[in-house]
Amino acid sequence: MDWNAYRTHLGANTKVLAQLSPNTLQGLQTLETVPAANKHLDAKTRELIALAVAVTTRCDGCISVHTVAAKKAGATKEEIAEALGVAVALNAGAALVYSTRVLDAFENQPS
């Protein structure tokens, strides 16, 4: 994938959406400013978390935007890999938890 072209395309479509539904984008922008305003985490840490969440939510747009932001915030490839390892572990853990829900659902079905 050409991530730069994708990010450009995403930005153009986001502008269209902003014209069609300005409150949607304004709400997102408000949410995005809250973590930075709290100042408990630095920008690099926030971006590493964003990348891990982007992987768990399978959002290519988030991956594209937050990879650039993480690199600008000073994140190394090794730090990004470590954050992604957390995302992988969390996804595996979530699969385990939801697997137990399948067993519960099976047990609660009529024979």
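Provided above is the structure to which this section pertains.
Note that the coordinates shown come from a computational prediction; the quantities given were computed from them, not determined experimentally.

Draft legend 1. The environment of R58, seen in detail. Along the polypeptide, R58 turns up in the loop between helix 3 (43-57) and helix 4 (60-72). Each C-alpha atom, one on R58 and one on T14, is 18 Å from the other, the two residues being 44 residues apart in sequence.

Draft legend 2. Seen up close, the nonpolar core. Within the largest apolar cluster, 6 residues are counted, these being L48, L51, A70, A75, I80 and A83. Those elements giving two or more residues to this core turn out to be helix 3 and helix 5 (77-107). Excluding residues that lie within four positions of it along the chain, L51 makes contacts with I63, H66, T67, A70, I80 and L84.

Draft legend 3. Main features of a nonpolar patch on the surface. Taken together, the side chains of V16, L17 and L20 define a hydrophobic patch exposed on the protein surface, amounting to about 290 Å² of accessible area. Considering the arrangement of structural elements, one finds L17 in helix 1 (residues 3-20).

Draft legend 4. Looking closely at the pattern of salt bridges. Taken as a whole and assessed by the stated rule, the structure comprises 1 salt bridge. Taking the shortest distance from any N to any O, the salt bridge between K44 and E79 comes out at 2.8 Å. A residue pair is termed long-range when its members are at least 10 positions apart, and K44 in helix 3 and E79 in helix 5 qualify at 35 residues. Classification of K44 as partly exposed rests on a relative accessible area of 22%. According to the relative accessible area criterion, E79 is partly exposed, its value standing at 27%.

Criteria and thresholds
- Residues numbered from 1 in each chain as written.
- Predicted model: local features only at pLDDT ≥ 70, side-chain atom pairs only at ≥ 80, totals over all residues.
- Heavy atoms only, no water.
- Helix = DSSP H or I, 4+ residues; strand = E, 2+ residues; numbered from the N terminus.
- Core = buried A, V, L, I, M, F, W, Y, C linked by side-chain atoms within 4.5 Å.
- Buried < 20%, exposed > 50% of the residue type's maximum accessible area, 1.4 Å probe, protein only.
- Contact = heavy atoms within 4.5 Å.
- Patch = residues over 30% accessible without salt bridge, like charges linked within 9 Å, V, L, I, M, F, W, Y side chains within 5 Å.
- Areas by Shrake-Rupley, 256 points an atom, 1.4 Å probe, with all protein chains shown as cover.
- Salt bridge = Lys/Arg side-chain N within 4 Å of Asp/Glu carboxyl O.

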